[in-house]
Amino acid sequence: MNLTTLLLFIPACFALNMAPGPSKLLSLTNAKRYGVRTACLAGIRRLIAKE
């Protein structure tokens, strides 16, 4: 990968990661309803399930 492509790729990855998807919206909803600890545990479980 040349430098120009890399310099375009990195901000694009960052922008895509900041876009709210269903998993991120679920985390926000869980945090609001059940508290931050429960939302963090659920997030870790979702990461394990994706592997």
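Let us look at the structure shown here.

Here is what the cut-offs are and how they apply
- Residues numbered from 1 in each chain as written.
- Predicted model: local features only at pLDDT ≥ 70, side-chain atom pairs only at ≥ 80, totals over all residues.
- Heavy atoms only, no water.
- Helix = DSSP H or I, 4+ residues; strand = E, 2+ residues; numbered from the N terminus.
- Contact = heavy atoms within 4.5 Å.
- Patch = residues over 30% accessible without salt bridge, like charges linked within 9 Å, V, L, I, M, F, W, Y side chains within 5 Å.
- Areas by Shrake-Rupley, 256 points an atom, 1.4 Å probe, with all protein chains shown as cover.
- Salt bridge = Lys/Arg side-chain N within 4 Å of Asp/Glu carboxyl O.
- Buried < 20%, exposed > 50% of the residue type's maximum accessible area, 1.4 Å probe, protein only.

### Things to note about the side chain of Arg46
Phase 1: Within the secondary structure layout, Arg46 lies in helix H3 (residues 36-50).
Phase 2: Those residues in contact with Arg46 that lie beyond four places of it in its chain are Ser23, Leu26, Ser27 and Asn30.

### Comments concerning a nonpolar patch on the surface
Phase 1: A surface patch of nonpolar side chains, about 660 Å² in accessible area, is lined by Met1, Leu3, Leu6, Leu7, Phe9 and Ile10.
Phase 2: Tracing the sequence through the fold places Leu3 in helix H1 (residues 3-18).
Phase 3: With relative accessibility at 60%, the residue Leu3 sits in the exposed group.

### Remarks on the environment of Lys24
Phase 1: With respect to the secondary-structure elements, Lys24 resides in helix H2 (residues 22-34).
Phase 2: When its relative accessible area of 37% is taken as the criterion, Lys24 is described as partly exposed.
Phase 3: Residues Lys24 and Phe9, spaced 15 residues apart in sequence, show a C-alpha to C-alpha distance of 22 Å.
Phase 4: When sequence neighbours within four positions are dropped, the list of residues in contact with Lys24 reads Asn17, Met18 and Ala19.

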